[in-house]
Amino acid sequence: MMKEGLLYTENQYLGRDKVWISVRLVLALFCFTAVYLNIDQLISSQLFLLVGIAIIITSVIMMYMLLYRIEVFEGKIMLSGLWTTRLVKIELSSIVKVEKKPFSNFFFNNPVYNLHINGKIKFYAGGKDAVWLTDEDGLVYVIGTQRQEELFRAVQQAKLNKGNS
């Protein structure tokens, strides 16, 4: 079902960041290597096997767990989060600057939803790209995305369409 006036939609999943997938797979590989090396000690070998399997299963489940959804409509952006989080609505009429920038300079970034820190509100699930929105009061919204160019164009179009109506 398509929502009326929807210009762009994107789902951000909790477990799809390549860096954290790699970390979980290395931990699972360590567990499976420990199983092989401790084959003589049955109990510790079984424990490592169970932990390795649990890491793999958890990783697969997290890949399909929605952290937040970005929806761009004419005049507003709506970010809806996982389960009990609040709906965040950003009115584009108050946005004075839209930029394409990296989310962060760090190699590891934890997934966040509606994190208020240092005059910025951050939304991030994975990847390295983001769209930065600055409002009239100087508050910056940093929205992490897998499709930076498309989100940027959709926000620009939504601002223009709102201005024309």
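Here we summarise the structure given alongside this text. (Residues numbered from 1 in each chain as written. Predicted model: local features only at pLDDT ≥ 70, side-chain atom pairs only at ≥ 80, totals over all residues. Heavy atoms only, no water.)

Here we take up the overall build of the protein chain. Looking only at helices and strands, the protein chain has 3 helices and 9 strands in total. Each helix and strand of the protein chain, placed in order from N terminus to C terminus, yields the pattern β-α-α-β-β-β-β-β-β-β-β-α. Over its C-alpha atoms the protein chain spans a radius of gyration of 20 Å, topping by over 25% the 15 Å that the globule rule assigns to 165 residues. In terms of overall dimensions, the protein chain has C-alpha extents of about 75 × 35 × 25 Å along its principal axes. Looking at the 165 residues of the protein chain, the share that counts as buried comes to 36%. Sequence separation of 24 or more characterises 58% of the internal contacts of the protein chain that already satisfy a separation of 6 or more. (Helix = DSSP H or I, 4+ residues; strand = E, 2+ residues; numbered from the N terminus. Rg over C-alpha atoms; globule rule 2.2 N^0.38 Å. Buried < 20%, exposed > 50% of the residue type's maximum accessible area, 1.4 Å probe, protein only. Contact = heavy atoms within 4.5 Å.)

If you walk across this open sheet you meet the 4 strands as β1-β2-β3-β4, and the pairing is antiparallel. Only two strands of the sheet have a single partner each, and these edge strands are β1 (6-13) and β4 (88-91). Taken pair by pair, the neighbouring strands of this sheet meet at an average axis angle of 15°, ignoring direction. Pairing geometry for strand β3 (residues 76-81) and β4, over 4 bridges, is antiparallel. In the sheet register, K76 faces β4, and the bridge partner there is E91. (Pairing = 2+ DSSP bridges. Axes fitted to C-alpha atoms, helices over the stretch in contact; angles between N-to-C directions.)

Together, L25, F32, L49, I53, I56, I57, V60, I61 and Y64 give the surface a local cluster of nonpolar side chains, amounting to about 800 Å² of exposed area. Taken together, the elements giving at least two residues each to the nonpolar patch come down to α1 (18-37) and α2 (42-63). Top contributing element to the nonpolar patch by residue count: α2, with 6 residues. In this structure, I53 sits in helix α2. Taking the relative accessible area as the measure of exposure, I53 reaches 37% and is therefore partly exposed. (Patch = residues over 30% accessible without salt bridge, like charges linked within 9 Å, V, L, I, M, F, W, Y side chains within 5 Å. Areas by Shrake-Rupley, 256 points an atom, 1.4 Å probe, with all protein chains shown as cover. Salt bridge = Lys/Arg side-chain N within 4 Å of Asp/Glu carboxyl O.)

One pass over the structure, following the stated rule, counts 6 salt bridges. The closest approach of N and O atoms between E149 and R153, which form a salt bridge, is 3.5 Å. Here E149 and its partner R153 are both found in helix α3 (residues 148-164), 4 residues apart, which amounts to about one turn of the helix. When its relative accessible area of 36% is taken as the criterion, E149 is described as partly exposed.

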